[in-house]
Amino acid sequence: MSVSELKERHVAAIEMVNSLRERLKEKRRLLLDTDVAAFARSQGKRPVCFGATDLVCCRTLQGHTGKVYSLDWTSERNRIVSASKDGRLIVWNALTSQKTHAIKLPCPWVMTCAFSPSGQSVAGGGLDSVCSIFNLNSPNDRDGNLPVSRTLSGHKGYVSCCQYVPDDDNHLITGSGDQTCVLWDITTGLRTSVFGGEFQSGHTADVSSVSISGSNTFISGSCDATARLWDTRVASRAVQTFHGHDGDVNTVKFFPDGNRFGTGSDDGTCRLYDIRTGHVLQVYHQLHSDDTNPHVTSIAFSISGRLLFAGYKNGDCYVWDTLLAQMVLNLGTLHNSHEGPITCLGLSADGSALCTGSWDSNLKIWAFGGQRKVN
Amino acid sequence: MVMASSFDGQLVPQPAIGVGTVVDSRGKHRILAELKHLEQELRYLQEELEEVEKMGNISSVCKDLLPCIETKSDPLLPVLNGVVNPLWDRWFEGSPSSPDCGCWIL
């Protein structure tokens, strides 16, 4: 077949793909008889109501000298690792506010960090395109730095996000500016699987975020405005692609039951997707009087899923009632809140505290300090 | 010719850069590979369309969500459907060794 004939077939194939995508979009639209908020209202549900001093900032973790980009809690209750533009990972005891480790990274341009499930190691990655693993129990080297115990090399672009596989200190998933996600075997430093990439059914722009559920399933979010569901045993194609956002998907997080997940985007909205059907169950969007549409940088669900915490580029940190799709609190306007955009946030393992990280170089811990009513 | 995606998921053909017979040969292989990828994408989309044809409305999915949320005790909610765990309030008990450790990492 000649090149010109191939090009004609190529154009025809593109038209067919676009046409099928439109048909899919239309089919899904016809199934949108309600959303979560309308359904919850029809069941008589009322929004969560916080008193003025219910959710409070109870700790400010100071020590970084640059913007905080990423944070992760341990599986046990109280420790956090954070990554900053100052080129360091800091390990904190969030309860006492003490720093237990300050790790100078081989490359200062770090974008992400993660705590291993056992709490014995941390990982950090960024513009050097590698993910560095540090064993917190290792002795310092001659320069007084914690040595790198393993370097995970292979990405052809920056490492934007990383997360350990639950209950498995030996496996980690990274997302990258090279449009792929990788499952790593930390013991060998080798790639077990590559998800996406050239000519595979994967993301078509930088991967920005990953969220893992169980040992076989994860979601990735990307600058191609989609989220994709992957089975770690099948790297050749995404199980499903979730459309709907009109801008980069900056953050993805599984809903506590593992059957749904949330996203946050440059289009200013958060969305709740259902994994089994692919439907958008709810859009969370706040209209602003000045017509601005601040980008969503980070999200986390409370342990029941009733609350969705969302950090925005303008410094807001909305607490959404996920059922009623109402913004019930803005941590960004509370006493002692951050003085800059919130870049990352996460819940402690028992759900009793939220940690936020910001361009103001601080981390803050938020907890419920009011009177609880028990049903 | 290469493809690019716009934000609404539509594919847009883009002109390739290059001249001469050597590039034509390289271009042919690349177009063949992209065509194969597109045909694969068509199959996946067809599968998804068949799945969506069998799906129920969103309301049937929403019914599952409520019990999922309401049966769990959530320490950050003002109203609980369960027992309070005293450890949740550790953030307000006593004072930490230094309330906000402010030592700077240099």
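As the structure is a computational prediction, the values presented were derived from the model and not from experiment.

About the cut-offs
Residues numbered from 1 in each chain as written. Chains lettered and ligands numbered in written order. Predicted model: local features only at pLDDT ≥ 70, side-chain atom pairs only at ≥ 80, totals over all residues. Heavy atoms only, no water. Pairing = 2+ DSSP bridges. Helix = DSSP H or I, 4+ residues; strand = E, 2+ residues; numbered from the N terminus. Axes fitted to C-alpha atoms, helices over the stretch in contact; angles between N-to-C directions. Domains from an automatic or database assignment. Contact = heavy atoms within 4.5 Å. Buried area = accessible area lost by both parts, 1.4 Å probe. Salt bridge = Lys/Arg side-chain N within 4 Å of Asp/Glu carboxyl O. Polar contact = N/O pair within 3.5 Å; in protein donor to acceptor, adjacent residues only side chain to side chain. Nonpolar A, V, L, I, M, F, W, Y, C, P; charged D, E, K, R; others polar.

Trainee: Quick question: what am I supposed to make of the sheet that holds strand β12 (residues 181-185) of chain A here?
Mentor: Pairing between the strands of a sheet is mediated by backbone hydrogen bonds and can be parallel or antiparallel. Residues and elements named next belong to chain A. Pairing within the open sheet is antiparallel, and its four strands lie in the order β10-β11-β12-β13. The sheet is open, and its two edges are formed by β10 (159-164) and β13 (190-195), each paired on a single side. Across the sheet, the axes of successive neighbouring strands diverge by a mean angle of 25°, strand direction being ignored. The pairing of strand β11 (residues 171-176) with β12 spans five bridges and is classified as antiparallel.

Trainee: What is the right way to read the domain arrangement of chain A from this model?
Mentor: When the parts come together, some accessible area is lost, and that loss is often what is quoted as the size of the interface. When its domains are assigned, chain A resolves into domain 1 (1-31) and domain 2 (38-368). In this structure, domain 1 of chain A and domain 2 of chain A have C-alpha centres spaced 35 Å apart.

Trainee: Would you take a moment to explain the interface of chain B and chain A for this structure?
Mentor: Facing 73 residues of chain B, the contacting portion of chain A comprises 101 residues. For the chain B and chain A pair, buried surface summed over both sides reaches about 8100 Å², with 65% attributable to carbon and sulfur atoms. For the pair chain B and chain A, the interface holds nine salt bridges. Along the contact surface separating chain B from chain A lie 22 residue pairs in polar contact (both at pLDDT 80 or more). Among the elements of the structure, β1 (2-5), β2 (11-14), α1 (21-53), α2 (58-70) and β3 (79-80) of chain B are those that each provide at least two residues to the side of chain B that touches chain A. Sort the elements by how many residues they give to the side of chain B that touches chain A and α1 of chain B lands first, with 22 residues. Split by residue class, the side of chain B that touches chain A holds 41 nonpolar, 15 polar and 17 charged. Sheet analysis places strand β29 (residues 373-374) of chain A next to β3 of chain B, joined by two bridges and oriented parallel. In the sheet register, V374 of chain A faces β3 of chain B, and the bridge partner there is L80 of chain B.

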